[in-house]
Amino acid sequence: MPQRRAITGRSQEPRARFAEEVRLLRAMKGVSLRALADAVGWDASLFGKMEKGQTLGGPEVVEALDLYYGTGDKLLTLWELAMADQTQFRERYRRYMLLEAEAVSMWQYSPGIMPGLLQTPEYATELLQQGGLTGAELEKQVAARMGRRELLLAEGGPQFRAILSEAVLRTPLRDPEAWRAQLRHLLEMGERPNVIVQVLPSTKGLHGLTDTDTMFLQGPAGTVAWVETGYSGELVQESTAVQWLQLRYDRVRDLSLTPDESREFIKRMLEEAPCEPST
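Residues numbered from 1 in each chain as written. Predicted model: local features only at pLDDT ≥ 70, side-chain atom pairs only at ≥ 80, totals over all residues. Heavy atoms only, no water.

## Digging into the pairing of strand 5 (residues 222-228)
So the rule is basically this: At least two bridges found by DSSP between two strands are what make those strands a pair. The secondary structure listing takes helices from DSSP runs of H or I that are at least 4 residues long and strands from runs of E that are at least 2 residues long, numbered from the N terminus.
Here seven bridges tie strand 4 (residues 213-219) to strand 5, and the two strands are oriented antiparallel to one another. Bridging across to strand 5, Phe216 finds its partner in Ala225. Judged from the four bridges that link them, strand 5 and strand 6 (residues 233-236) form a sheet pairing that is antiparallel. Note that in strand 6 the partner of Trp226 across the bridge is Leu235.

Here is the structure:
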């Protein structure tokens, strides 16, 4: 079914509407992205991504735009609606996304792919393409995944620990520079006070979560777990089952490199990553 349009012709999908407003306000002002960046104080590339729907930005950025354009709290209101919108995600993930948005603490083990909260747009695009997505739906899902990162970037964002199997760092993207950008982004995220990144070396052998991508969410109603394969996902809420998964996760964490050791490991991966061949 085509997206319903209002009398104004503007999108009624919160993320798309926010991007439209950001684009329109700049067009009405008659300024370039560079001029906007100079006036407001953030990088021009951030505003470009916001206008394309690739990111929502943070509340401080949006408040600065409202002030610059003299729009009261219009953009901030649209930003809040976009952040809270769950319809951007596929049906089977919506319950999980609601819990993720409410979480005060999250911890994850990833056996094969980069955690969604730590992915770059290029990584998400290649991964989702391998799942069969193309065109507008691919763009929509990439934008939705990038929007999830705002949870970690916001002031007072949840605490997040990600344990990555070494296999994650040994499986590059097809584009060498995109892969190097992903590794640099991983290092940058690991510097945030609310994010801890650890690496589980392959030499540690088998463990209780060897083939299970697992995310724990601690929120107002307690702790739940989301376990996922490439084909399906399941929300685990029964307390005994969550406790057993938590025990396995704790043992994986005990086997992992420390955050400092992990950072050095990722740096070595970045140094060893092939560069784009010169022409």
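Having put the structure on the table, let's press on.
## With respect to the packing of aromatic side chains
To describe a pair of aromatic rings, one takes the distance between the centres and the angle between the planes. Operational definition: Pairing of aromatic side chains here covers Phe, Tyr and the six-membered ring of Trp, requires ring centres within 6.5 Å, and sorts the geometry by plane angle: under 30 degrees stacked, over 60 edge-to-face, intermediate tilted.
Counted by the stated rule, this structure contains three aromatic pairs. Ring geometry for Tyr68 against Tyr69: centres 5.1 Å apart, planes inclined by 65°, an arrangement best described as edge-to-face. Taking 5.5 Å as the distance between ring centres and 70° as the angle between the ring planes, the aromatic pair formed by Phe216 and Tyr249 counts as edge-to-face. With Phe216 in strand 4 and Tyr249 in helix 12 (residues 239-255), this pair connects stretches of sequence that are 33 residues apart.

## Focus on the pattern of salt bridges
What counts, and what does not: Put simply, a salt bridge is a Lys or Arg side-chain nitrogen that is within 4 Å of an Asp or Glu carboxyl oxygen. Burial classes follow relative accessibility: with a 1.4 Å probe on protein chains only, a residue under 20% of its type's maximum area counts as buried, one over 50% as exposed, and anything between as partly exposed.
Counted according to the given criterion, the structure contains eleven salt bridges. Of the charged contacts in the structure, one is a salt bridge between Arg17 and Glu21, with a shortest N-O distance of 3.1 Å. You can see Arg17 and its partner Glu21 sitting in helix 1 (residues 14-29), four residues apart, about one turn around the helix. Residue Arg17 is classed as partly exposed on the basis of its relative accessible area, which comes to 21%. Its relative accessible area of 2% is what places Glu21 among the buried residues. Here Arg253 ties to Asp250 by a salt bridge, and the two come within 3.8 Å at their closest N and O atoms. With Arg253 and Asp250 both in helix 12 and three residues apart, the pair spans about one turn of that helix. With relative accessibility at 32%, the residue Arg253 sits in the partly exposed group. In this structure, a network of salt bridges that share partners links the residues Arg17, Glu21 and Lys74.

## Points about the sheet that holds strand 1 (residues 105-110)
Backbone hydrogen bonds hold the strands of a sheet together, and the pairing may be parallel or antiparallel. Condition: Geometry is summarised by axes, namely lines fitted to C-alpha atoms with helices restricted to the contacting stretch, and by angles between N-to-C directions that run from 0 to 180 degrees.
Spatially, six strands are ordered 3-2-1-4-5-6 in an open sheet, and the strand pairing comes out mixed. In this open sheet, the two strands that pair with only one neighbour each are strand 3 (195-200) and strand 6. For this sheet, the mean inter-axis angle between neighbouring strands, taken without regard to orientation, is 15°.

## A word on the nonpolar core
The condition that has to hold: Residues grouped as a nonpolar core are buried Ala, Val, Leu, Ile, Met, Phe, Trp, Tyr and Cys residues, joined through side-chain atoms within 4.5 Å. Whether two residues are in contact is decided by their heavy atoms: any pair within 4.5 Å suffices.
Counting residues in each nonpolar core, the largest one holds 35 residues, and the members touching the most others are Met114, Leu118, Phe160 and Leu169. Of all the secondary structure elements, the ones that give two or more residues to this core are helix 6 (94-102), strand 2 (159-165), helix 10 (166-169), helix 11 (176-190), strand 3, strand 4, strand 5 and helix 13 (259-272). Among the elements that make up this core, the one with the highest residue count is helix 11 (six residues). In contact with Phe160, not counting residues within four places along its chain, are Met106, Trp107, Gln108, Leu117, Leu118, Leu152, Asn194, Val195, Ile196 and Met215. Counting residues in each nonpolar core, the second largest holds 21 residues, with Val31, Leu78, Trp79 and Ala82 among its members.

## Digging into the side chain of Ser105
As for its placement among the helices and strands, Ser105 is situated in strand 1. Discounting chain neighbours no more than four positions away, the residues touching Ser105 are Pro158, Gln159, Phe216, Leu217 and Gln218.

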